[in-house]
2 protein chains.
Amino acid sequence: MIGVDWGTSSFRAVRLAVDGSVLARIEAPQGIMAVAEGGFAETLRAAIAPWLAAGERRVLLCGMVGSRQGWAEAAYLACPAGAEELAAALLPVAFGGAEVRIVPGLAATDADGVPEVMRGEETQVAGAAPLLPDARIACLPGTHSKWVRLEAGRIAGFATHLTGEAFAALRGHTILGRMMRAGDTDDAASRGAFDRGVVRSGEAGGLLHHLFGVRALALFGRLAEAEGASYLSGLLIGHEVRAALPKNAGVVPVIGEATLAALYARAIAACGGRAEWLAGEHAAAGLARIGGLASWN
Amino acid sequence: MIGVDWGTSSFRAVRLAVDGSVLARIEAPQGIMAVAEGGFAETLRAAIAPWLAAGERRVLLCGMVGSRQGWAEAAYLACPAGAEELAAALLPVAFGGAEVRIVPGLAATDADGVPEVMRGEETQVAGAAPLLPDARIACLPGTHSKWVRLEAGRIAGFATHLTGEAFAALRGHTILGRMMRAGDTDDAASRGAFDRGVVRSGEAGGLLHHLFGVRALALFGRLAEAEGASYLSGLLIGHEVRAALPKNAGVVPVIGEATLAALYARAIAACGGRAEWLAGEHAAAGLARIGGLASWN
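In this text, all values refer to a predicted model and were calculated from it rather than measured experimentally.

## What about the relation of the copies chain A and chain B?
So, step 1. When chain A is brought onto chain B, the operation consists of a screw motion whose angular component is 180° and whose axial shift is 0.0 Å, with 0.0 Å RMSD remaining. This pairing of chains is accounted for by a two-fold axis. No C-alpha of chain A lies nearer the rotation axis than that of A:Ala169, which sits 2.8 Å from it.
So, step 2. Taken as a fraction of all interface residues of chain A, those also at the interface in chain B reach 100%, which identifies the copy contact as same-surface.

Okay, structure coming up:
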């Protein structure tokens, strides 16, 4: 079958063997924002034409393609939900010559009754869950970071933090960015600045006070321009981790792109937790697993 | 004498009687960012020409005009400091035909040793302090809100929160703004949304989680587009107040523009405090008071 992780700004397709292994891979900059209304079937067909020509007849999509702005809106499934529940709730869309279905996103509410949503991460977690038989919580960093509560491999609930997007807005559109220039984010000085930001996130005064401190430290020469962005990143990720990390969480698997995952693992350790980056193609694995559980025509 | 509150984006001059009352007023859109390098004396002379012609010979400036980007850098004075200490530390600048001096800003450190700075607010507090004989803390809302600790009318220390600037960046440059349209910020619905944001700021999960909730509430039709900005404002101001308001603070005077001060007073009350908007021209009063204590030639 064919699996596609189709997000806001990217299109990542894999051709999958029956055992779920990846046979081939196509990436395109055709996220859903780049597709004209009514143009989803055509865009998909052009991207995966060689695989269709080779006889593939099943296509499973996940991500923002199932949102109101995507191909068709796949209603959020309520938590708790795992691969089985997702496989039973796929949304078929019209496509000549193959069966195309969309994995729905998940909805939950937090402890205070405020809604939560995800689209795409449920598939990554479905792919990673078999590797995590004992995990109670997993972290998926990103523009909108997700902290997922797991129960017997299913998603029992989750909480989202706007961390990545807040970082970009604060860096790009406040006075803080004026005191920063791009540095090598992988050198010792940047790691040191990131760690300082994480430590700061545990001090008194709250995030909005700590944000002004970024400017004041720079003003007094106590934060170099090349280190400002790393410090701000540590500050925000530190605030997220301190709010999201449960006590006695055990080892927290971090699922996502290697550089960001390494920063989260670093912050989790600094906040008293234990983290482990879970390498792998979790979206592809999740699509294979959900596709394997679905009943196709 | 003449007093000028000369900030980043505004120029507000007053002609003061010997008793400190305001005789006349000039406002211009000539904040320091609009003045060419070396052009401060000329800009000032043009703005206050009629008063100089009428015989005024003393001019006292406060605000960002004393920063590195202003006319001349007036080194920060260390806390504790009040009107007397400020009056003894004025920075003279060259100006033919009148004495012109700049009130220095203040510096402090927070409980964790991170620096704090203000320029302009020290003069407002010097003006308001005689009205506040018993206050232990005062709140000056704004782009960079200040919470000032008072001891016997002097500023013992202070903490800044980047609240106003964070609000603008998050509203203007994240997905949150796409779910908002301008509403009447003074109607009952907006006040209700502001109050909901303040309540939310006291719930579990932290600010970065609460920010994502703004989107999720809108997505599920639980937050109207016209109310989104007020809710976000309440959320951020609520987080600030909860972090900054000491227990048993007594009545907190709020010093600043009426609309914003009313929102802060509302949030302080919702967070268990008591607040009082302190109307008045505090910068002018502070300039008069500091000018009266200074020794002019």
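## Points about the interface of chain A and chain B
So, step 1. Between chain A and chain B, the residue contacts involve 47 residues of the former and 47 residues of the latter.
So, step 2. Interface area, chain A with chain B, both sides summed: about 3900 Å², of which 69% is carbon and sulfur.
So, step 3. When residues of chain A are sorted by the area they lose upon contact with chain B, A:Leu162, A:Leu208 and A:Phe212 head the list and together hold 19% of the total.
So, step 4. For the pair chain A and chain B, the interface holds 4 salt bridges.
So, step 5. The closest approach of N and O atoms between A:Asp110 and B:Arg200, which form a salt bridge, is 2.7 Å.

## Here's the deal with the sheet that holds strand E4 (residues 58–62) of chain B
Residues and elements named next belong to chain B.
So, step 1. Here 6 strands make up an open sheet; going across it, the order is E3-E2-E1-E4-E7-E6 and the pairing mixed. The open sheet terminates on both sides in strands that have one partner only, identified here as strand E3 (22–28) and strand E6 (91–93). The sheet shows a mean angle of 25° between the axes of neighbouring strands, taken without regard to direction.
So, step 2. Here helix H9 (residues 282–293) sits on the sheet in contact with strand E1 (2–6), strand E2 (11–16), E3 and E4, set at roughly 125° to E4.

## Considering unusual backbone geometry
So, step 1. Between A:Cys79 and the following residue, A:Pro80, the backbone shows a cis peptide bond with an omega angle of -5°.
So, step 2. The residue A:Pro80 is located in the loop between strand E5 (77–78) and helix H2 (83–87) in this model.
So, step 3. The phi dihedral of B:Ala152 falls on the positive side, at around 50°, and the residue is not glycine.
So, step 4. Summarising the element assignment, B:Ala152 is placed in the loop between strand E11 (145–151) and strand E12 (154–161).
So, step 5. Overall, B:Ala152 belongs to the exposed group, its relative accessible area being 80%.

## Looking at the packing of aromatic side chains
Residues and elements named next belong to chain A.
So, step 1. In this structure the tally under the stated criterion is 10 aromatic pairs over all chains.
So, step 2. Judged by centre distance (4.9 Å) and plane angle (90°), the rings of Trp6 and Phe11 are edge-to-face.
So, step 3. For the ring pair Phe40 and Trp71, a centre distance of 6.2 Å and an interplane angle of 15° mean the geometry is stacked. Here Phe40, found in helix H1 (residues 40–53), pairs with Trp71, found in the loop between strand E4 (58–62) and E5; they are 31 residues apart in sequence, far enough to count as distant.
So, step 4. In this structure an aromatic cluster arises from ring pairing among Trp6, Phe11, Phe40 and Trp71.
So, step 5. Taking the ring centre of Phe95 as reference, the NZ or CZ of Arg45 above it sits at 4.1 Å.

About the thresholds
Residues numbered from 1 in each chain as written. Chains lettered and ligands numbered in written order. Predicted model: local features only at pLDDT ≥ 70, side-chain atom pairs only at ≥ 80, totals over all residues. Heavy atoms only, no water. Least-squares fit on C-alpha atoms with pLDDT ≥ 70 in both. Contact = heavy atoms within 4.5 Å. Buried area = accessible area lost by both parts, 1.4 Å probe. Salt bridge = Lys/Arg side-chain N within 4 Å of Asp/Glu carboxyl O. Pairing = 2+ DSSP bridges. Helix = DSSP H or I, 4+ residues; strand = E, 2+ residues; numbered from the N terminus. Axes fitted to C-alpha atoms, helices over the stretch in contact; angles between N-to-C directions. Buried < 20%, exposed > 50% of the residue type's maximum accessible area, 1.4 Å probe, protein only. Phe/Tyr/Trp six-rings, centres within 6.5 Å; stacked < 30°, edge-to-face > 60°. Lys NZ or Arg CZ within 6 Å of the ring centre and 35° of its normal.

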